[in-house]
Amino acid sequence: MMNILVIGSGGREHALAWQCAKDDNVQRVYIAPGNAGTALESKCQNIILENSPNEDEHQAVIAFCQNNAIDIVIVGPEAPLVTGIIDACRKAGINAWGPTAYCAQLEGSKTFAKEFMAKHNIPTAAYQGFTDAVSAKAYVDGQGAPIVIKADGLAAGKGVIVAETIEQAHNAIDDMLADNKFGDAGSRVVIEQFLQGEEASFICMIDGENILPMATSQDHKRAFESDTGPNTGGMGAYSPAPVVTQDVHDKVMTKVIQPVVDAMKAAGHPYTGFLYAGLMIDEAGEPFVIEFNCRFGDPETQPILMRLQSSMVDLVAKGLAGNLPDEANWDERSALGIVIASKGYPETSSKGDVIAGLPELDAHNDQPVKVFHAGTTFSHSDDVDKIEAKVANGSDKEVLTNGGRVLCVTALADSIFDAQQAALVVAGAISFDGAHYRRDIGHHAIARGQS
Ligand code: AMP
Ligand code: GLY
């Protein structure tokens, strides 16, 4: 029997933990720090370790693994990957799934990613990097709008401004370079050509050599319906994404994913873990990389893992052993997840609002609608022991909001439309002060199906 440790606290980690717990060979899944949803999941237990992504956290993870017979660590978010948690675990002899700090630069530094793509002929938008506002603005004036301004470092999906006008572009440059709105992440900006087309998320597991593509998916980055409003970490996602035809799939594998695997291997840093290519697919079906992430997507994980019929633990174990298969088993049906966000998201987020209308946890774990938690916690206590006790005796299960993206209501059905409708019914029954969500998740796929 195996014990698994999942690092992270979002909807992605709830879905990963839930998938791992389904495996009969798994005894316990620990989640550090997890959320109210992971605390309630069978075989799962939240734990609190040092929570900042630094060396103390790495040491705390290693000590926990050694003291609790952890067989596999799965790292959800980018921050600990970028600071080298995989390198630290490997050094300590712990099986940890993810890329090394070197490989995680593909997400951690837009400049690294852009230079890497240029060097290895991976299709992407033309760009230039700047540290001073005057030359950045002069470049924008020369290029014209629309144009895209990006903070160089990690900014939780929010450090990107698609400027429709020169003035908006100048303001974004001032926010990042002059006013330091994104802190260190924005002390350098990348200015990019605006790409046209339809976006898709292409996520793979890689063991240094072999590539296992996950089912295709599409995210919805904008906060409001009809893809308006500011960029967010993602307001909903579905799988499969019809924009990724077999032809597009083949092109992504040969023009994007395989070159990353080959280049990292040649550099002496084989890529291991999840790799996420955020793509723009143009009218001719040519993929361009908008960004790389060194992890699974959130919320893409939730619908993708609803469809996964192979064991996630088994796939990760094979990945760690260097013998990933090139295919996994997927439910033929479609899955679609709708994120319910808290008041003010993405600019701010509200905490501590009571969530009403959550469905009872299903005993069999195979219901067609699953509510994955993200920013949730229990009332009046951050204390894990108390949460466990409360859950165990069934009392006081009041769940509170605890962040920007609160829940992801994910449904499995015969079509994207049916999955959207099923998720909307469950989302409509859930309420908390300031809750907002998009009712049009899946609109690209639904329009394709109708035309
Ligand atoms: P990123 O954080 O780089 O994924 O960017 C967030 C979102 O901004 C993307 O999902 C796109 O919707 C949009 N975006 C980023 N770069 C570009 C680009 N070069 N052209 C058009 N849209 C972009
Ligand atoms: N959903 C976008 C991301 O995970 O970065």
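Here is a short report on the structure shown in this document. Quantities reported herein were computed from a predicted structural model and do not represent experimental measurements.

Rules used throughout
Residues numbered from 1 in each chain as written. Chains lettered and ligands numbered in written order. Predicted model: local features only at pLDDT ≥ 70, side-chain atom pairs only at ≥ 80, totals over all residues. Heavy atoms only, no water. Helix = DSSP H or I, 4+ residues; strand = E, 2+ residues; numbered from the N terminus. Rg over C-alpha atoms; globule rule 2.2 N^0.38 Å. Buried < 20%, exposed > 50% of the residue type's maximum accessible area, 1.4 Å probe, protein only. Contact = heavy atoms within 4.5 Å. Areas by Shrake-Rupley, 256 points an atom, 1.4 Å probe, with all protein chains shown as cover. Lys, Arg positive; Asp, Glu negative; His and termini not counted. Charge placed at Lys NZ, Arg CZ, Asp CG, Glu CD. Pairing = 2+ DSSP bridges. Axes fitted to C-alpha atoms, helices over the stretch in contact; angles between N-to-C directions. Near = heavy atom within 4 Å. Polar contact = N/O pair within 3.5 Å; in protein donor to acceptor, adjacent residues only side chain to side chain. Nonpolar A, V, L, I, M, F, W, Y, C, P; charged D, E, K, R; others polar. Parallel < 35°, antiparallel > 145°, perpendicular 65-115°, else oblique. Left-handed = near helix turned anticlockwise from the far one by under 90°. Expected span 1.5 Å × (residues − 1). Bend = angle between axes of the 7 residues up to and from the residue. Phe/Tyr/Trp six-rings, centres within 6.5 Å; stacked < 30°, edge-to-face > 60°. Lys NZ or Arg CZ within 6 Å of the ring centre and 35° of its normal. Core = buried A, V, L, I, M, F, W, Y, C linked by side-chain atoms within 4.5 Å.

## A closer look at the overall build of the protein chain
For the protein chain, the count of helices and strands is 15 helices and 23 strands. Against the globule reference of 22 Å for 451 residues, the protein chain gives a C-alpha radius of gyration of 21 Å, in line with a compact fold. With respect to the principal axes defined by its C-alpha atoms, the protein chain has extents near 65 × 45 × 45 Å. A total of 451 residues make up the protein chain; the buried ones form 57% of that total. A fraction of 71% describes how many contacts in the protein chain between residues 6 or more apart in sequence connect residues 24 or more apart. Per element, the accessible surface of the protein chain, about 17,900 Å² overall, is 47% carbon and sulfur. Charge-centre separation for the protein chain: the mean point of 33 positive side chains lies 0 Å from the mean point of 59 negative side chains.

## Focus: the sheet that holds strand E17 (residues 287–293)
Within the open sheet, the 4 strands sit side by side as E11-E10-E16-E17. Their pairing is antiparallel. The open sheet terminates on both sides in strands that have one partner only, identified here as strand E11 (211–213) and E17. Taken over all neighbouring pairs, the strand axes of this sheet differ in orientation by 30° on average, direction set aside. Of the pairings in the sheet, the one linking strand E16 (residues 272–281) to E17 comprises 6 bridges and is antiparallel in character. Bridging across to E17, Gly-278 finds its partner in Glu-291.

## Quick word on the site of ligand 2
Near ligand 2 the following residues occur: Asp-219, Lys-221, Gly-233, Tyr-276, Asn-293, Arg-295, Gly-297, Asp-298, Pro-299 and Glu-300. Taking Gly-233, its main chain carries an N or O atom lying 3.1 Å from a nitrogen atom of ligand 2. Within the side chain of Arg-295, one N or O atom sits 2.8 Å away from an oxygen atom of ligand 2. The class makeup of the residues in the shell around ligand 2 is 2 nonpolar, 3 polar and 5 charged.

## What to know about the packing of helix H8 (residues 133–143) against helix H9 (residues 166–178)
As a packed pair, H8 and H9 sit with axes 10 Å apart at the nearest point and diverge in direction by 160°. Taken together, the axes of H8 and H9 lie roughly antiparallel to each other. With respect to the hand of their crossing, H8 and H9 are arranged in right-handed fashion. Together, Ala-133, Ala-136, Lys-137, Val-140 and Asp-141 of H8 and Ile-166, Ala-169, His-170, Ile-173, Asp-174 and Leu-177 of H9 make up the contact between the two elements. Its residues placed into classes, the contact of H8 with H9 shows 7 nonpolar, 1 polar and 3 charged.

## Some thoughts on the site of ligand 1
For ligand 1, the set of nearby residues contains 16 residues, the closest of which are Glu-192, Gln-193, Leu-195, Glu-199 and Glu-291. Between Lys-150 and ligand 1, the recorded distance is 3.0 Å, taken from a side-chain N or O atom to an oxygen atom. Here Leu-195 contributes a backbone N or O atom positioned 2.8 Å from a nitrogen atom of ligand 1. Those elements that provide at least two residues to the shell around ligand 1 are strand E7 (147–151), strand E8 (160–163), strand E9 (189–193) and E17. Considered class by class, the residues forming the shell around ligand 1 number 8 nonpolar, 2 polar and 6 charged.

## A few points about helix H10 (residues 246–266)
End to end, H10 covers 28 Å across 21 residues, agreeing with the expected 30 Å (1.5 Å per residue, within 8%). Bending of H10 peaks at approximately 40° at the position of Met-253. Restricting attention to buried positions, one finds in H10 the residues Val-248, His-249, Lys-251, Val-252, Met-253, Val-256, Ile-257, Pro-259, Val-260, Val-261, Ala-263 and Met-264. Residues of H10 that are buried make contact with helix H6 (101–108), helix H7 (110–119), strand E10 (198–207), E11, E16 and E17.

## Description of the packing of aromatic side chains
Throughout the structure, instances matching the rule amount to 7 aromatic pairs. Each residue in the set Trp-97, Phe-274 and Phe-296 is aromatic and connected to the rest through ring pairs, giving one cluster. If you follow Arg-295 out to its NZ or CZ, it ends over the ring of Tyr-276, 6.0 Å from the centre. Geometry around Tyr-437 places Arg-439 over its ring, the cationic atom sitting 4.8 Å from the centre.

## Brief notes about unusual backbone geometry
Each neighbour pair has its own omega, and for Ala-145 with Pro-146 the value is -5°, a cis peptide bond. Turning to its location among the elements, Pro-146 is positioned in the loop between H8 and E7. Residue Pro-240 follows Ser-239 across a cis peptide bond; omega there is 0°. Residue position: Pro-240 is located in the loop between strand E15 (236–239) and H10. One non-glycine residue, Ala-69, lies in the positive phi region at around 50°.

## Examining the packing of H6 against H7
Packed helices, taken two at a time, are described by the angle between their axes plus the distance between the axes. Where H6 contacts H7, the axes come no closer than 6 Å and their chain directions differ by 100°. What the angle tells us is that H6 and H7 run roughly perpendicular. Taken together, the residues of H7 that come into contact with H6 (itself represented by Tyr-102, Gln-105, Leu-106 and Gly-108) are Lys-110, Phe-112, Ala-113 and Phe-116. When its residues are assigned to classes, the contact of H6 with H7 shows 5 nonpolar, 2 polar and 1 charged.

## Some remarks on the nonpolar core
Residues Leu-5, Leu-106, Ile-257 and Phe-292 are the most contacted members of the largest nonpolar core, which totals 81 residues. Once residues within four sequence positions are removed from consideration, Phe-292 is found in contact with Leu-106, Glu-107, Met-117, Ile-122, Val-256, Val-260, Leu-275, Tyr-276 and Ala-277. Residues Leu-16, Trp-18, Leu-212 and Leu-315 belong to the second largest nonpolar core, which totals 39 residues.

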